[in-house]
Amino acid sequence: MKILRLTLFLLLIVMGQCVTGQQFPITSHYLVNPYSLNPAFAGSFNRSELFMNFRNDWSAIEGSPQTFRINGHVPIVRNMYLGGEVYTDFADIFYRLKAGLSYTYRLEVGYEQYLSFGLAGQFYQGVIRLDQANVDLDDPVLRNLDRLFNSSFNSSFGLVYNN
């Protein structure tokens, strides 16, 4: 029994050293707006779509998280769709932006059966707004602006089968 406890304890310590996390805005509209999960869902209902949502958590608290998202897709030619998405997330002094474009091709593999291939590229930007914080701006840690402003690019690929 002691060996099992020791093994479990060591396993938890080792797993704790490998874990990293990210904070993405919480949304729950995936059933209504599957395109927000996967770019290959563009055109899955054979029509153009536009979605907007706003979320304000703990609205009575100053600086509470607010998320705004707009995304959609339109057909450009037969079986090809172009989509886009922009969302912003404010949480007190933290600001995040995501903007992206996607391309989807729908291949008809049978009668009313489609295999969709989606490719997307996104731009991410994160900012820590020190002008809204109660901090000493002469602090040497805060002088390194690379830590306060971060931009990156990302790409994604998706595959969806519809019938």
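See above for the structure.
These notes cover the structure that comes with them. (Residues numbered from 1 in each chain as written. Predicted model: local features only at pLDDT ≥ 70, side-chain atom pairs only at ≥ 80, totals over all residues. Heavy atoms only, no water.)

Description of the overall build of the protein
Along its length, the protein carries one helix and six strands. For the protein, the proportion of its 163 residues judged to be buried stands at 33%. For the protein, the proportion of contacts with a sequence separation of at least 24, taken over those separated by at least 6, is 53%. For the protein, the exposed area adds up to about 11,700 Å²; of that, 62% sits on carbon and sulfur atoms. (Helix = DSSP H or I, 4+ residues; strand = E, 2+ residues; numbered from the N terminus. Buried < 20%, exposed > 50% of the residue type's maximum accessible area, 1.4 Å probe, protein only. Contact = heavy atoms within 4.5 Å. Areas by Shrake-Rupley, 256 points an atom, 1.4 Å probe, with all protein chains shown as cover.)

Quick look at the pairing of strand β2 (residues 66–77)
Bridge count between strand β1 (residues 49–56) and β2: eight bridges; the pairing is antiparallel. Within the sheet, the bridge partner assigned to Asn 53 lies in β2 and is Arg 69. Relative to strand β3 (residues 80–91), β2 is paired through eleven bridges, and the arrangement is antiparallel. Bridged to Phe 68 within β3 is Thr 88. A loop of two residues connects β2 with β3, the two strands running antiparallel in sequence, and Asn 79 in this loop sits at a positive phi of about 65°. (Pairing = 2+ DSSP bridges.)

Quick look at the sheet that holds strand β4 (residues 94–110)
Taking strand neighbours across the sheet as the criterion, the six strands line up as β1-β2-β3-β4-β5-β6 in an open arrangement whose pairing is antiparallel. The open sheet has two edge strands, β1 and β6 (149–162), and neither has a second partner. Averaged over all adjacent pairs, the angle separating strand axes in this sheet is 10°, with direction ignored. Here strand β5 (residues 113–128) runs beside β6; their pairing, made up of 14 bridges, is antiparallel. When the sheet's bridge partners are listed, Leu 115 is paired in β6 with Tyr 161. (Axes fitted to C-alpha atoms, helices over the stretch in contact; angles between N-to-C directions.)

What about the pattern of salt bridges?
All told, the structure shown has five salt bridges when counted by the stated rule. For Glu 85, the salt bridge identified is with Arg 69, shortest N-O distance 3.2 Å. Of this pair, Glu 85 sits in strand β3 while Arg 69 sits in strand β2, and the two are 16 residues apart along the sequence. There is no split in this pair, since Glu 85 and Arg 69 are both buried. The salt bridge involving Asp 89 is made with Arg 96; its shortest N-O contact spans 2.3 Å. Among the ionic contacts, a cluster of salt bridges with common partners joins Arg 69, Glu 85 and Lys 98. (Salt bridge = Lys/Arg side-chain N within 4 Å of Asp/Glu carboxyl O.)

Remarks on the packing of aromatic side chains
Applying the stated criterion across every chain, the model contains two aromatic pairs. On the numbers, 4.8 Å between centres and 35° between planes, the contact of Phe 90 with Tyr 95 is tilted. Residue classification places Phe 90 among the partly exposed positions, given a relative accessible area of 36%. Lying across the ring of Tyr 114, Arg 106 places its NZ or CZ 3.9 Å from the centre. (Phe/Tyr/Trp six-rings, centres within 6.5 Å; stacked < 30°, edge-to-face > 60°. Lys NZ or Arg CZ within 6 Å of the ring centre and 35° of its normal.)

Notes on the side chain of Glu 49
Topologically, Glu 49 is positioned in strand β1. Residue class for Glu 49 comes out buried when judged on its relative accessible area of 13%. Looking at Glu 49, its side chain comes within polar contact range of the side chain of Arg 47, at 3.2 Å. With residues up to four places along the chain from it excluded, the contact list for Glu 49 reads Asn 71, Gly 72 and His 73. (Polar contact = N/O pair within 3.5 Å; in protein donor to acceptor, adjacent residues only side chain to side chain.)

Scope: geometric values only; no functional claims are made or implied.
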